[in-house]
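The chain contents come next:
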Amino acid sequence: MKIVELQISHFGKFHDKNISLNPGMNVIEGANEAGKSTIFAFIFAMLFGLDGSEYALELKKKYEPWDDKGGYGGAMVFESEGRSYLIERSFLADAPYLHLTEVESGRELVPAADRLRQLTGYITESVYSNTVSIGQMRGISVEELASELKEHVNNIGRGKNINISIQSTQDELAKRRISLQKRQRNDIDAAVKELTAAKEGIEKELETNLTRYVEKVRQLRTGRSEEYERFSDREEKAKERKNLAASLEEDEKRLKEELARYSQQKDELVKQAGGVKNSSSALGALQIVCIALAAAFITAIPLSVYLHYTARLRWRFVAVIGVMCVIGACAMAVLFAVSGRRRRQRINFFRLAQDRASKYEETERELNAIARKKSEIIKALSETDNDEYHVLHEQNTELEKEIQRLSWEQQGITARLDSTNEKLEIARRDREENDRINRDIAAVRTAMQMLFLAARQIEDSFGFEMLGRASDYFAAVTGGRYSKMIIGDDKRVRLVGERTVDLLQVSRGTIEQAYLCIRMAAADCFTQMKLPFILDDTFAFFDDDRTAGAMELLGSCNRQVIILTCQKREKRILADRGFSKNRQAEQQPLKR
């Protein structure tokens, strides 16, 4: 792959800036703050975008356009497998896009992201940043640089992957194992067993309570049915008694009225009886007088006749006496007739009085009988309220209370069962989590073992090959001062020359040279496609000879090389060492 042209429309300090690149060595010179790092970041942005990793997001914020916030993006033309392609990107948050076009045919390739990964050999952002793309390291201390180099050598040599740190991975796995062990609950099995037993006990208690509840409900249903029958019978009898009592009340009222009427008639008869008695007495006396007179006249008639004949009285006198006797007899007859009628009236009156008195007494007897019946009914009604119905009602009421109590107990037992079920479910989930943790711990142990074995195997094969290449490159850069790089049993990087020295015993420049050689060897091993080497002020601590050696090495790697520098040395070395025209590009210097 070769980059043909950079078309920077709006990116950092650049606006409508085009930079053409040749297939071989390209040196872009510029003073500090001229925009070299901006070009370095722009190439990364064109290949991978600015919305992925933390590093990409950092670049997106850092290189927002200085002059035009309305545009943020650009384009890049590159060649791959003999054809030219145009990448166009916009990094605007509200209107991002990526277009990939085949230049010769003008055909847009979709999906653009997938086709771009295919054309770049499926290189990842991380591999790119750790192999062919080497940024400035001026802010890194010697110790940090040596540590990073050591990490790279160990990772590449033992893991066959620039992104994997074997030791870090082992450390992470160990931390992961410890973390998993801390999450384990040693008492979970006992807790599950205890909660299961508690659940079974509560379920039995609930079953017993439910059986009692059902039995009590059945008893209450039977009792209420019997109570209803008795209540209906009781009510019917009470209704009959009340109707009878009402009838008796009416009869009593009627008899009382009759009794009052008979009492009044009795009083009137008593008064009349007094008058009849007086009149009868007077009439009797008159009758006696009349009888006496009649007897006297009757006696006087023969006496008159006798006297007439003896005394020689006149007949006129005798006639008068006779008439008087007749009148007396008539008066006596009349009196006897009146007396007989009066006697008959009296007899009838006394018979009527006797009848009224008899009826009065009979009415009183009936009233007394009604009073007794009323008393019996009241007593019966009173006894009805305290009979078996009342007892049955009380029993049913007690059953209702017992059922309510059992219902409350059942609710409490159910709540305890729900709580126990929740705790048991949590405990079971914890046990399942324990099982998963145990499996994870076993997997971590297996991974650590496999990682160790794989690292040993890779170290014995691929690591040896990669370190061999890096050693050859390092020997070329240092002019044979150091013949190889090795990793000791302590995993420390050492340089072998006239004597073997530890990495921290050499200068910063030498460390950076070793770092470059490791990166170049890693690029050979990890990139399927020959991607361009892009270096941003990489030779800042190199002397002239080792800079020339590094440039000779880069020029012979059969890759496009883009060197961004703030010095004129690189161009001078290109001219002095006689690089061919197809391997170098005379770039115009960048201006501030």
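Just so it is clear, the model here is predicted, and its values are computed rather than measured.

1. With respect to the packing of helix H1 (residues 36-48) against helix H2 (residues 54-62)
At a closest axis distance of 11 Å, the pairing of H1 and H2 adopts a crossing angle of 125°. On the basis of their axis angle, the class for H1 and H2 is oblique. For the crossing formed where H1 meets H2, the hand is left-handed. Facing Phe40, Ala41 and Phe44 of H1, the residues of H2 in contact are Tyr55, Ala56 and Leu59.

2. Thoughts on the sheet that holds strand S10 (residues 493-496)
With antiparallel pairing, three strands are arranged side by side in an open sheet as S9-S10-S11. Edge strands, defined here as strands with exactly one partner in the open sheet, are strand S9 (484-487) and strand S11 (500-502). Pairs of neighbouring strands in the sheet enclose a mean axial angle of 30°, with direction left out of account. Sheet topology places S9 next to S10; four bridges connect them, and they run antiparallel. Bridge assignment links Ile486 to a residue of S10, and that residue is Arg494.

3. Topic: the sheet that holds strand S2 (residues 14-20)
Across the sheet, which stays open at both edges, the six strands sit in the order S2-S1-S4-S5-S6-S7 with antiparallel pairing between neighbours. Strand pairing shows two members of the sheet lacking a second neighbour, S2 and strand S7 (107-108), which therefore form its edges. The pairing of strand S5 (residues 83-90) with strand S6 (residues 97-102) spans six bridges and is antiparallel. Across the sheet, residue Glu88 finds its bridge partner in S6, namely His99. On top of the sheet, H1 reaches strand S1 (2-11), S2, strand S4 (73-80) and S5; it is set at about 100° to S1, its chief contact.

4. Structural notes on the packing of helix H10 (residues 508-526) against helix H11 (residues 544-555)
H11 packs onto H10 with a crossing angle of 5° between their chain directions and a minimal axis gap of 12 Å. The angle between H10 and H11 places the two elements in the roughly parallel class. Contacts from Thr510, Gln513, Leu516 and Met520 in H10 reach Arg546, Ala550, Leu553 and Leu554 in H11. For the contact of H10 with H11, a count of residues per class yields five nonpolar, two polar and one charged.

5. Looking at empty space enclosed by the protein
Applying the stated criterion to the full structure yields one cavity of 30 Å³ or more. Within this model, the largest cavity holds a volume of roughly 40 Å³. Lining the largest cavity, in full, are Met1, Ile3, Leu47, Tyr128, Leu531, Pro532 and Ile534. Its residues assigned to classes, the lining of the largest cavity shows seven nonpolar, no polar and no charged.

6. So, H2
Inspection of H2 places Ala56, Leu59 and Lys60 among the buried residues, and these make up the whole buried set. Looking straight down H2, one finds that the buried residues subtend no more than 100° of arc, so they occupy a single side. Of the residues in H2, the exposed ones pointing more than 90 degrees away from the buried face are Glu54, Glu58, Lys61 and Lys62. Against H1 and helix H4 (125-130) lie the buried residues of H2.

7. As for the confidence of the model for the protein chain
Taken residue by residue, the protein chain gives an average pLDDT of 77. The fraction at 70 or more is 68%. Taken together, the stretch residues 157-164 has pLDDT below 50 and engages in 37 contacts with residues farther than four places along the chain or on a different chain. Throughout residues 580-586 the model reports pLDDT below 50, and contacts reaching past four residues in sequence, or to other chains, amount to 14 contacts.

8. Overview of unusual backbone geometry
In this chain, Val110 is followed by Pro111 through a cis amide linkage whose omega measures -10°. You can see Pro111 is positioned in the loop between S7 and helix H3 (112-119). Notably, Glu33 is not glycine yet its phi reads approximately 65°, a positive angle. Tracing the chain through its elements places Glu33 in the loop between strand S3 (25-29) and H1.

9. Some details on H3
By the burial criterion, the buried members of H3 are Ala112, Leu116 and Leu119. The buried side chains of H3 occupy one side of the element, clustering within an arc of 60° when seen end-on. For H3, the elements touching its buried residues are H1, S4, S5 and S6. Looking one or two residues beyond H3, the residue adopting positive phi is Gly121, at roughly 75°.

10. Considerations on the side chain of Thr420
Here Thr420 shows up in helix H9 (residues 388-477). The contact partners of Thr420, leaving out residues within four places of it in the chain, are Leu195, Ala198, Lys199 and Ile202.

Definitions and limits used
- Residues numbered from 1 in each chain as written.
- Predicted model: local features only at pLDDT ≥ 70, side-chain atom pairs only at ≥ 80, totals over all residues.
- Heavy atoms only, no water.
- Axes fitted to C-alpha atoms, helices over the stretch in contact; angles between N-to-C directions.
- Helix = DSSP H or I, 4+ residues; strand = E, 2+ residues; numbered from the N terminus.
- Parallel < 35°, antiparallel > 145°, perpendicular 65-115°, else oblique.
- Left-handed = near helix turned anticlockwise from the far one by under 90°.
- Contact = heavy atoms within 4.5 Å.
- Pairing = 2+ DSSP bridges.
- Nonpolar A, V, L, I, M, F, W, Y, C, P; charged D, E, K, R; others polar.
- 1 Å grid on protein atoms, 1.4 Å probe; cavity = no way out; pocket = protein on both sides within 12 Å on 5 of 7 lines; lining within 4 Å.
- Points joined across faces, edges and corners; volume = space filled by probe spheres on them.
- Buried < 20%, exposed > 50% of the residue type's maximum accessible area, 1.4 Å probe, protein only.
- Arc of directions from axis to C-beta.
- pLDDT = per-residue confidence, 0-100.

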